[in-house]
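# Analysis of the macromolecular model
Each chain is listed here by its residues.
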Amino acid sequence: MGGGAVEQRKGGTQNNAAADLVKARAALLEGAGTRNPRLDPQALRAALVDLFDLWLTSKGNELGITPDSGLALVAVGGLGRREMLPYSDLDLVLLHDGVDQSVVAEVADQLWYPLWDAHIKLDHSVRTVPQALRVAADDTIAALGMLEARHIVGDEDLSNLLIGGVRREWRTGIRSRFDDLIAQANTRWQRSGEIAHRAEPDLKNGRGGLRDIQLLDALAIAQLTDAVPGLGPEVPGGGLKQAHRRLLDVRTELHRVAGRARDQLRAQDADEIGAALRIGDRFDLARTLTDSARTVSYSTDVGLRTAANALPRRGLARLRRLPVRRPLDEDVVEHAGEVVLARDARPQRDPGLILRVAAASAQTGLPMSATTLNRLSEDAPELREPWPKDALDDLLVLLGAGRGAIDAVEALDRTGLWGRLFPEWGAVRDLPPRDALHTWTVDRHLMETVAYATGLSTRVARPDLLILGALLHDIGKGRTGDHSVVGAELATHIGRRLGLWPSDVRTLSAIVRHHLLLPDTATRRDLDDPATVGHVVDALGGDVGLLELLHALAEADSMATGPGVWGDWKASLIGELVRRCRLVMAGEPLPQPEPIDPDLVAKAEAGGVHVTLSAGEGKHTHVVTVIAPDEPGLLADAAGVLALHSLRVLSASLGGVGESAINTFVVTPKFGDPPDAGLLRQELIRAISGALDLQAALAKRETETVGRYARAQPRLIWQSAPAPGQVILELRAEDRVGLLSRLAGAFAAAGANVRWAKVVTMGTAVVDAFCLELGDADSPVLRERIEKAVLDVVPRPAPPPQPTDIGSDA
């Protein structure tokens with residue numbers, strides 16, 4: 001038999017049965033006419049599996065590979081998964097047990113040579129079951145392939161020994177393989193990039209591609225996770241199964257169009273493939289692929305995280321205590337490295353819980369548990385309109401977390417929760433850019449802009465409107481008409497839904513309407529022409545605050561577009577335009593103190609220390625009023641006591657009558673209910689007397705929280721005040737535990753007396769205005785001393801990494 005096989009090989013391709021296999025495959029691919037219709041990709045893959053199964057079964061029986069022969073033919077790869085693509089490699093393993101080696105070699109020759117002669121790509125091996133198991137044990141890539149093994153013909157018990165043995169060894173040895181599995185995936189992703197953001201993506205090896213789905217299957221076989229992680233009932237695009245099918249369909253058509261095996265989708269083939277799949281043009285195809293790849297990427301992240309937590313423990317690790325549940329926010333805790341719901345959380349009654357969970361995730365950098373997201377998707381009710389103030393504040397905290405917000409919003413979006421909060425997002429989700437300058441899809445570009453805008457938040461007086469404007473500036477894309485005009489109308493509806501003040505709604509709409517005004521004017525019109533500046537000033541209605549917001553947004557938008565879009569030239573042009581507009585608008589308005597309530601004046605005149613606590617406008621907000629003798633350090637003491645009792649200051653108004661100070665704080669508890677007003681009064685008296693070391697207590701509290709550097713540089717702005725001997729200092733910075741207390745202490749230490757203050761916290765940012773009484777308001781030395789004292793207590797970005805000095809012995 002062996003000699004005959006050799007003679008057949010030497011004699012060429014006479015009577016090559018595999019030629020019929022190739023002809024049959026060609027007929028399936030061509031598919032013309034009513035008798036042989038063109039098959040859709042799924043039907044084509046199924047037909048190819050049947051065709052190859054039939055040929056291999058017939059050939060195997062012809063060669064004596066029968067149930068009692070001690071031989072078995074097993075398929076791995078695409079044929080093993082029943083995902084045979086038109087020009088996929090054929091991966092086969094010929095198993096043998098107790099059969100003469102010469103017979104095995106002869107059978108193998110007569111099985112492989114016809115396939116080679118027909119130019120079918122073949123990856124083959126001939127092994128005993130123990131040999132195959134040793135290969136799987138030593139080689140993770142080989143093991144992954146054998147996990148997909150499927151019996152074709154011959155001794156099925158022999159095939160089952162291999163399939164069962166490989167899977168059993170995989171489950172028992174997964175702990176030792178897991179790190180290697182992760183390393184291989186990371187290497188593959190670095191080499192092939194992300195499918196969702198590549199112009200010519202690798203559908204097989206790229207992040208979010210078919211290899212990642214096989215990775216999930218392998219983790220499921222190891223019983224560490226589900227092969228199809230649940231994404232919730234409202235997941236866009238149909239979830240992981242639909243994403244898997246779409247990727248397979250595109251790759252199938254790619255093979256058919258190219259006429260050979262190909263994994264990378266070329267731009268010149270996209271229109272033809274989109275039309276064949278009835279998706280549309282290349283932009284529609286790109287959007288479909290992006291949606292599918294992002295769904296796969298998110299599912300892979302969930303699967304790997306779940307698998308890591310489910311790895312069996314050995315040795316001393318078994319004796320460790322279960323992970324501690326650490327509170328992060330109301331009904332939100334950290335557990336096993338994930339953000340989860342507290343045990344007694346009731347999402348059915350708490351529509352704002354979605355945003356609190358996401359905000360905690362964005363701030364800490366911890367991912368949200370898939371189970372938590374599924375539960376929120378199924379149980380959390382819709383937020384009523386307009387949103388409660390707490391929900392808006394949590395949204396600002398989420399978006400103000402910078403790059404941490406990108407992953408959090410992506411997780412919400414992949415599970416359908418973000419679309420519930422912002423139905424308008426559907427038009428921009430996965431929408432591909434129309435020009436080469438843009439790196440990201442429109443929805444990802446919006447989040448990138450938010451991240452950059454967070455770093456510029458101290459440049460504006462309303463960082464909340466800057467961040468919301470960044471989120472919505474391109475929301476009008478994907479619809480008919482000028483996206484700025486359409487987006488401005490959508491922003492009006494969204495602003496009202498969020499519960500913004502009417503004036504803020506108008507500003508937000510104007511930001512979206514005019515977000516291209518500055519860059520377009522600066523780069524396309526003559527700045528020396530007075531009509532140019534007049535055009536901008538008229539368009540903005542002379543609003544300096546709006547001009548300031550658009551200036552920061554122009555930079556964030558450009559930086560989020562792609563490399564090289566923002567540079568010194570563009571920055572200088574826009575900066576000069578803004579400077580000239582400011583001159584025409586005649587400067588910025590000064591902050592003014594708010595009037596004092598007459599009832600508070602009466603209490604102040606009575607003397608003593610008083611602390612009252614009343615309900616605020618929001619569900620979780622409260623108003624704390626402190627009346628006490630007006631002495632140096634009172635503001636620091638009052639603000640420190642509030643911070644020490646986990647009361648986050650959202651705003652503060654300072655004033656006084658006679659010998660008494662009146663300080664009013666709007667606060668929100670980080671957890672649960674606020675402390676009793678009597679307790680706050682007792683603590684304040686202790687702090688005033690020196691019995692309570694506030695700074696030490698605040699320092700200890702801060703070490704217990706998740707530490708982070710600021711994302712934006714703090715900014716100090718000096719302005720003149722109406723009264724002689726006074727000056728106004730505006731601080732724009734990021735918040736920290738007890739910041740107001742630390743600032744008040746810094747002013748006192750620098751010799752400045754705070755006459756009044758207006759303190760506003762917007763998400764993670766603060767915009768504070770202090771009227772300071774100085775001995776010499778114009779003294780540069782005194783101002784420098786105050787600036788240094790302030791900068792010593794506000795959060796600042798991490799210093800850049802220092803270059804490493806590598807010696808010759810390194």
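As a reminder, the structure under discussion sits directly above these lines.
All residue numbers here refer to positions counted from 1 along the written sequence of the relevant chain. Two thresholds apply to this predicted model, a pLDDT of at least 70 for residue-level local features and 80 or more for giving and counting side-chain atom pairs, whereas whole-chain, interface and lining totals are computed over all residues. Side-chain metrics in this entry use all non-hydrogen atoms of the structure; hydrogen atoms and water are not considered.

## Looking at the overall build of the protein chain
Labels follow the DSSP assignment, with helices taken as runs of H or I lasting at least four residues and strands as runs of E lasting at least two, numbered in each case from the N terminus. If you tally the helices and strands in the protein chain, you get 31 helices and 15 strands. Seen along its three principal axes, the alpha-carbon backbone of the protein chain occupies a region of about 115 × 70 × 65 Å. Categorising residues by exposure relies on relative accessible area from a 1.4 Å probe, with only protein chains included: less than 20% of the type maximum marks a residue as buried, more than 50% marks it as exposed, and the intermediate range marks it as partly exposed. Evaluated residue by residue, the protein chain yields a buried proportion of 54% over its 810 residues. By definition in these notes, contact holds between two residues if any of their heavy atoms fall within 4.5 Å. Within the protein chain, counting contacts between residues at least 6 apart in sequence, those at least 24 apart form 70% of the total. Of the roughly 36,100 Å² that the protein chain leaves accessible, carbon and sulfur atoms contribute 50%. Charged residues are defined here as Lys and Arg on the positive side and Asp and Glu on the negative side; His and the ends of the chain fall outside this count. The atoms used to mark charge sites are NZ of Lys, CZ of Arg, CG of Asp and CD of Glu. If you average the places of the 92 positive and of the 109 negative side-chain charges in the protein chain, the two averages end up 3 Å apart. For accessible areas, the Shrake-Rupley method is used with a probe of radius 1.4 Å. Any residue's cover is judged against the shown protein chains and nothing else.

## Notes on the packing of helix 8 (residues 156-192) against helix 9 (residues 210-221)
Axes here refer to lines fitted to C-alpha atoms; in helices the fit is confined to the stretch in contact. Angles between the N-to-C directions go from 0 to 180 degrees. Running from amino to carboxyl end, helix 8 crosses helix 9 at an angle of 155°, the nearest separation of the two axes being 9 Å. Put simply, helix 8 runs roughly antiparallel to helix 9. The chirality of how helix 8 crosses helix 9 is left-handed. Here Arg167, Trp170, Arg171, Phe178, Leu181, Ala185, Arg188 and Trp189 of helix 8 lie close against helix 9, whose contacting residues are Arg211, Asp212, Leu215, Ala218, Leu219 and Ile221. For this classification, under 35 degrees means roughly parallel, over 145 means roughly antiparallel, 65 to 115 means roughly perpendicular, and everything else is oblique. With the far helix as reference, a near helix turned anticlockwise by less than a right angle produces a left-handed crossing, and one turned clockwise produces a right-handed crossing.

## Here we look at the pairing of strand 2 (residues 90-96)
Burial of strand 2 is extensive: 7 of the 7 residues sit out of reach of the surface. Here strand 2 shows no split at all, with Leu90, Leu92, Leu94 and His96 on one side and Asp91, Val93 and Leu95 on the other all buried. Note: strand 1 (residues 71-76) against strand 2, 6 bridges, orientation antiparallel. Looking at strand 2, one finds that Ala72 is bridged to Leu95. Criterion used throughout: strands pair if DSSP finds at least two bridges between them. The sheet contact formed by strand 2 and strand 3 (residues 122-127) spans 6 bridges and is parallel.

## Brief notes about the side chain of His96
Counting through the fold element by element, His96 comes out in strand 2. Leave out the neighbours within four places in its chain, and His96 touches Gly70, Leu71, Gln101, Val104, Val126, Arg127, Thr128 and Leu158.

## Some thoughts on the sheet that holds strand 5 (residues 326-329)
Overall, antiparallel pairing links the 3 strands, which are arranged 5-6-7 in an open sheet. Sheet topology places strand 5 and strand 7 (338-341) at the edges, where each strand pairs with a single neighbour. When the angles between neighbouring strand axes are averaged without regard to direction, this sheet yields 40°.

## Remarks on the pattern of salt bridges
We count a salt bridge whenever a side-chain nitrogen from Lys or Arg sits within 4 Å of a carboxyl oxygen from Asp or Glu. Applying the stated criterion to the full structure yields 44 salt bridges. Where Arg262 meets Asp269, a salt bridge forms, and the shortest distance between an N and an O atom there is 3.4 Å. By relative accessible area, which is 12% here, Arg262 ends up buried. Assessed through its relative accessible area of 7%, Asp269 is described here as buried. The shortest N-O distance in the salt bridge between Arg356 and Asp331 comes to 3.9 Å. Of this pair, Arg356 sits in helix 13 (residues 353-364) while Asp331 sits in the loop between strand 5 and strand 6 (332-335), and the two are 25 residues apart along the sequence.

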